[in-house]
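Spelled out, the chains give:
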Amino acid sequence: MDTDGIDPNGTDTDRGHPGPAFSSRPGWHVWGVGIAAAVAQRADCTRRRVGAVVFDEANRILSTGYNGAPAGVRGCLEGGCPRGRLRHDELPADAPYEDPSSPGFCISIHAESNALLFADPVRRRGGWIAITHPPCPGCQKLLANSGLRLAVWPGAGASGGSAAVEWEIGSPMPT
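Criteria and thresholds
Residues numbered from 1 in each chain as written. Predicted model: local features only at pLDDT ≥ 70, side-chain atom pairs only at ≥ 80, totals over all residues. Heavy atoms only, no water. Helix = DSSP H or I, 4+ residues; strand = E, 2+ residues; numbered from the N terminus. Buried < 20%, exposed > 50% of the residue type's maximum accessible area, 1.4 Å probe, protein only. Polar contact = N/O pair within 3.5 Å; in protein donor to acceptor, adjacent residues only side chain to side chain. Salt bridge = Lys/Arg side-chain N within 4 Å of Asp/Glu carboxyl O. Expected span 1.5 Å × (residues − 1). Arc of directions from axis to C-beta. Core = buried A, V, L, I, M, F, W, Y, C linked by side-chain atoms within 4.5 Å. Contact = heavy atoms within 4.5 Å. Phe/Tyr/Trp six-rings, centres within 6.5 Å; stacked < 30°, edge-to-face > 60°.

Draft legend 1. Layout of the side chain of D56. Tracing the sequence through the fold places D56 in the loop between β1 (51-55) and β2 (61-66). Here D56 falls in the buried class, since its relative accessible area comes to 8%. Of the polar contacts made by the side chain of D56, one reaches the backbone nitrogen of R60; its length is 2.9 Å.

Draft legend 2. Spotlight on the pattern of salt bridges. Tallied over the entire structure, the rule returns four salt bridges. Across the pair R60 and D56 runs a salt bridge, and its minimum N-O distance is 3.8 Å. Of the charged contacts in the structure, one is a salt bridge between E90 and R87, with a shortest N-O distance of 3.5 Å. We classify E90 as partly exposed; its relative accessible area is 37%.

Draft legend 3. Spatial organisation of helix α1 (residues 28-40). With 13 residues, α1 extends 18 Å between its outermost C-alpha atoms, agreeing within 8% with the 18 Å of an ideal straight helix rising 1.5 Å per residue. Turning to α1, its buried residues are H29, G32, V33, I35, A36, V39 and A40. The arc that holds every buried residue of α1, seen down its axis, measures 160 degrees, which confines them to one face.

Draft legend 4. Molecular detail of unusual backbone geometry. With phi around 70 degrees, N59 is a residue other than glycine that occupies positive phi space. With respect to the helices and strands, the residue N59 is situated in the loop between β1 and β2.

Draft legend 5. Geometry of the nonpolar core. With 16 residues, the main nonpolar core has V54, I129, I131, L143, L148 and A151 as its most contacted residues. When residues of this core are traced back to their parent elements, those giving at least two are β1, α2 (111-117), β3 (128-131) and β4 (150-154). With three residues, the top contributor of residues to this core is α2. The contacts of A151, once residues within four sequence positions are left out, are I129, I131, L143, V165, E166, W167 and I169. With ten residues, the next largest nonpolar core counts I35, V39, F55 and V152 among its residues.

Draft legend 6. Local environment of the packing of aromatic side chains. Applying the stated criterion across every chain yields a total of three aromatic pairs. When the ring of W28 is compared with that of W31, the centres are 5.5 Å apart and the planes differ by 75 degrees; the resulting orientation is edge-to-face. Linking W28 with W31, this pair stays in helix α1, spanning three residues, or about one helical turn. Under the relative-accessibility criterion, W31 is labelled partly exposed at 33%. Pairing W31 with F55 gives two aromatic rings, centres 5.8 Å apart and planes at 50 degrees, and the pair type is tilted. Taken together, the residues span a long stretch of sequence, with W31 in helix α1 and F55 in strand β1 at a distance of 24 residues. An aromatic cluster is defined as three or more aromatic residues linked by ring pairs; in this entry it consists of W28, W31, F55 and W128.

Laid out in structure tokens, this is it:
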């Protein structure tokens, strides 16, 4: 017996008449950002969880990525990242995270990089990427050379993933 009022055919049995239980579905970009948010849960970072999903032109998933230590390296959650071992008040405001000599050095590979590493370069050409956060300057450069045409991420003030910012890769970043 189905207890949620939806039978196996998707009919809403609680309304007392047959009919669709679901009357809408998200657009491709909002859906993609939602998947990226789920992927971000695997992130190996004490400061931020970022997820990315690469899609082809037909909106098929090619790969996923999240921020974390390189494979086989002790990650941030295990104390392997110098930046992750510092409390926020211990980290200098201008400490660069890409400089190994900096107290703020981060060992993490960004979600966009990880997703691009595992997406076939031919199949991703003309596709798009969904990300949980706007891309940093380094990832913007990677995306510019990726063959992807569009990047999307949640918009400011978007609740529940109901809106997405769209960036035509190679054009100025949206403000």
